[in-house]
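Descriptive analysis of the structure
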Amino acid sequence: MNKFTLPAFAIALGLGAATAHADVNLDMSSEYPVSSIHAQTADFFAKTLADETSGDVNVTVHHGGALGYKSVDHYDAVGDGAVQLASSFSGAWSGINPIFLVSSLPFLATSIDDTKKLYEATRPFYEKALEGDNQIFLYAAPWPASGFWAKQPISSVDALKGLKIRTFDTPGTKTLQNADASPVQLSWGDVVPQLTTNGIDAVLTSADGGAGSQFWEYLSDFTEVNYALPLQVTHMNRDTFDDLSDEEQKAVLDAAKKAEAFGWAALETRVKDNYAELSENGVTVTKDISPELLALLKSSAAPQVEAWKERVGDDAQTLLDSYDAMRAQ
């Protein structure tokens, strides 16, 4: 036997053992600021996963679009493996699959309880869609209810008319067009630049989203509308997940389940905390809009829900029937 054979074999075994036990380091992308509810949920997921694997699986969360991706980009980026995980606003994927629009359809679910039921009815469709594009669905939780950030209360039909307001998806854009506003559809990362240059005068988003980006530097009012509680989805590249050991895969799914519970529970106090922060920064919160404005918004939204049902096809009615059955229980 060659005198170098045994040591070389032993070294090879040692390297193989080291490789087998090497830490797994993954990246997660998010375009939202670190103080937002979903940034905190993503951080909770990363910490929980690290704790459950004794530091063997580590996720670094890159907030505020630090990796250069917006939510609309995350779908392909995660599917292709350019980034291993992402926390994404689901409505941004409407051009990929209209099923992802359901949580942001206007006035379909306007309470936490109804939003949870809608999510339970829709989750299997999310999972199927992502599975078809080399991804796995890990968890989702909603944003607090969307309202109007502006330079005055938007509580009447006249206040909305002609308003240059940011929207986050096509149904929202068309709804506000029907209500005689002048909406502009923008990704989150483009909102503050547009506010800075007066490209828009208002923003459709939650109090939480506005607080995270310090909208009080540009806008003085938030009007509570309960337009929708759209979902933020956390998803993972399928190949990356499959490369993990069985124990690590279980830890990822366990951490996802706990992060989802954390995100939903945070909603219970988040709005109250948001409103307190807004008050501290001089923002006026208006909690009542005129019945005429609410009726206008709902009538303007109704055709968008029907158009969504036509785009989705039979699955839309199956989903909505399931949602209605849950609400009736």
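So, a few notes on the structure that sits alongside this text. (Residues numbered from 1 in each chain as written. Predicted model: local features only at pLDDT ≥ 70, side-chain atom pairs only at ≥ 80, totals over all residues. Heavy atoms only, no water.)

Let us look at the overall build of the protein. On a plain count of helices and strands, the protein comes out with 12 helices and 11 strands. By principal-axis analysis of the C-alpha atoms, the protein measures approximately 90 × 45 × 35 Å. A burial count over the protein gives 51% of its 329 residues as buried. Sequence separation of 24 or more characterises 76% of the internal contacts of the protein that already satisfy a separation of 6 or more. In the form shown here, the protein has an accessible surface area of approximately 14500 Å², with 50% of it arising from carbon and sulfur atoms. Positive and negative side-chain charges of the protein, numbering 23 and 45 respectively, have mean locations separated by a distance of 2 Å. (Helix = DSSP H or I, 4+ residues; strand = E, 2+ residues; numbered from the N terminus. Buried < 20%, exposed > 50% of the residue type's maximum accessible area, 1.4 Å probe, protein only. Contact = heavy atoms within 4.5 Å. Areas by Shrake-Rupley, 256 points an atom, 1.4 Å probe, with all protein chains shown as cover. Lys, Arg positive; Asp, Glu negative; His and termini not counted. Charge placed at Lys NZ, Arg CZ, Asp CG, Glu CD.)

This paragraph deals with the sheet that holds strand E11 (residues 284-286). Pairing within the open sheet is mixed, and its six strands lie in the order E7-E6-E8-E5-E9-E11. Bordering the open sheet on either side are strand E7 (182-185) and E11, each of which pairs with just one other strand. Shown here is a sheet whose adjacent strand axes are inclined to one another by a mean of 30°, direction ignored. Across three bridges, strand E9 (residues 221-223) lies against E11 in parallel orientation. Residue pairing for E11: phenylalanine 222 is matched across the bridge by valine 285. (Pairing = 2+ DSSP bridges. Axes fitted to C-alpha atoms, helices over the stretch in contact; angles between N-to-C directions.)

Moving on: the packing of aromatic side chains. A complete count under the given rule lists 18 aromatic pairs for this structure. With a centroid separation of 5.2 Å and 80° between ring planes, the pair formed by phenylalanine 89 and phenylalanine 168 is classed as edge-to-face. One end of the pair, phenylalanine 89, is in strand E3 (residues 85-89); the other, phenylalanine 168, is in the loop between strand E6 (164-167) and helix H6 (170-178), with 79 residues separating them in the sequence. As far as burial versus exposure is concerned, phenylalanine 89 and phenylalanine 168 are alike and both buried. (Phe/Tyr/Trp six-rings, centres within 6.5 Å; stacked < 30°, edge-to-face > 60°.)

All right, on to unusual backbone geometry then. Non-glycine residue asparagine 134 carries a positive phi angle of around 60°. On the secondary structure map, asparagine 134 appears in the loop between helix H4 (112-131) and strand E4 (135-142). With phi around 55°, asparagine 226 is a residue other than glycine that occupies positive phi space.

Let's shift gears to empty space enclosed by the protein. One pass over the full model with this rule turns up two cavities of 30 Å³ or more. If you add up the space inside the largest cavity, you get close to 100 Å³. The wall of the largest cavity is formed by Tyr32, Phe89, Trp143, Pro144, Ser146, Arg166, Phe168, Trp188, Thr205, Ser206 and Pro230. Partitioned by chemical class, the residues of the lining of the largest cavity number seven nonpolar, three polar and one charged. Roughly 30 Å³ of internal volume is contained in the second largest cavity. As for the second largest cavity, its lining consists of His38, Thr41, Ala42, Ser87, Tyr139, Ala140, Ala141, Gln232 and Thr234. Elements that contribute at least two residues to the lining of the second largest cavity include exactly helix H2 (37-52), E4 and strand E10 (231-237). Among the residues forming the lining of the second largest cavity, the class breakdown is four nonpolar, five polar and no charged. (1 Å grid on protein atoms, 1.4 Å probe; cavity = no way out; pocket = protein on both sides within 12 Å on 5 of 7 lines; lining within 4 Å. Points joined across faces, edges and corners; volume = space filled by probe spheres on them. Nonpolar A, V, L, I, M, F, W, Y, C, P; charged D, E, K, R; others polar.)

Now for the sheet that holds E10. One open sheet accounts for five strands, arranged E2-E1-E3-E10-E4; its pairing is mixed. In this open sheet, the two edge strands, each paired with only one partner strand, are strand E2 (57-62) and E4. Across the sheet, the mean angle from the axis of one strand to that of its neighbour is 20°, orientation sign disregarded. Helix-sheet contacts for H2 involve strand E1 (24-29), E2, E3, E4 and E10, and the interaxial angle to E2 is about 165°.

Bringing H6 into the picture now. Among all positions in H6, only Pro171, Gly172, Thr173, Thr175 and Leu176 are buried. Among the structural elements, strand E5 (146-150), helix H5 (157-160), E6, E7, strand E8 (202-206) and helix H11 (291-312) are those in contact with the buried residues of H6. By the N-cap criterion, in which a side-chain oxygen at the helix start approaches the backbone nitrogen of a residue two or three places on, H6 is capped by aspartate 169, the distance to glycine 172 being 2.8 Å. (Polar contact = N/O pair within 3.5 Å; in protein donor to acceptor, adjacent residues only side chain to side chain.)

With that settled, the discussion passes to the pairing of E5. Of all five residues that make up E5, five are buried, and the element is covered over most of its length. Two elements, E5 and E8, share four bridges in a ladder whose sense is antiparallel. Paired with serine 146 across the strands is serine 206, a residue of E8. Direction of pairing for E5 relative to E9: antiparallel, over a ladder of three bridges. Considered in E9, the bridge of alanine 150 is made with aspartate 221.

Under the counting rule described, the total for this entry stands at 13 salt bridges. For the salt bridge of aspartate 254 with lysine 250, the shortest nitrogen-to-oxygen distance reads 2.8 Å. Of this pair, aspartate 254 and lysine 250 both sit in helix H10 (residues 246-280), four residues apart, which is roughly one turn of that helix. When its relative accessible area of 28% is taken as the criterion, aspartate 254 is described as partly exposed. Because the salt bridges share partners, they merge into one network encompassing Arg123, Glu127 and Glu260. (Salt bridge = Lys/Arg side-chain N within 4 Å of Asp/Glu carboxyl O.)

Fair warning: the whole summary comes from geometry, so function is off the table for now.
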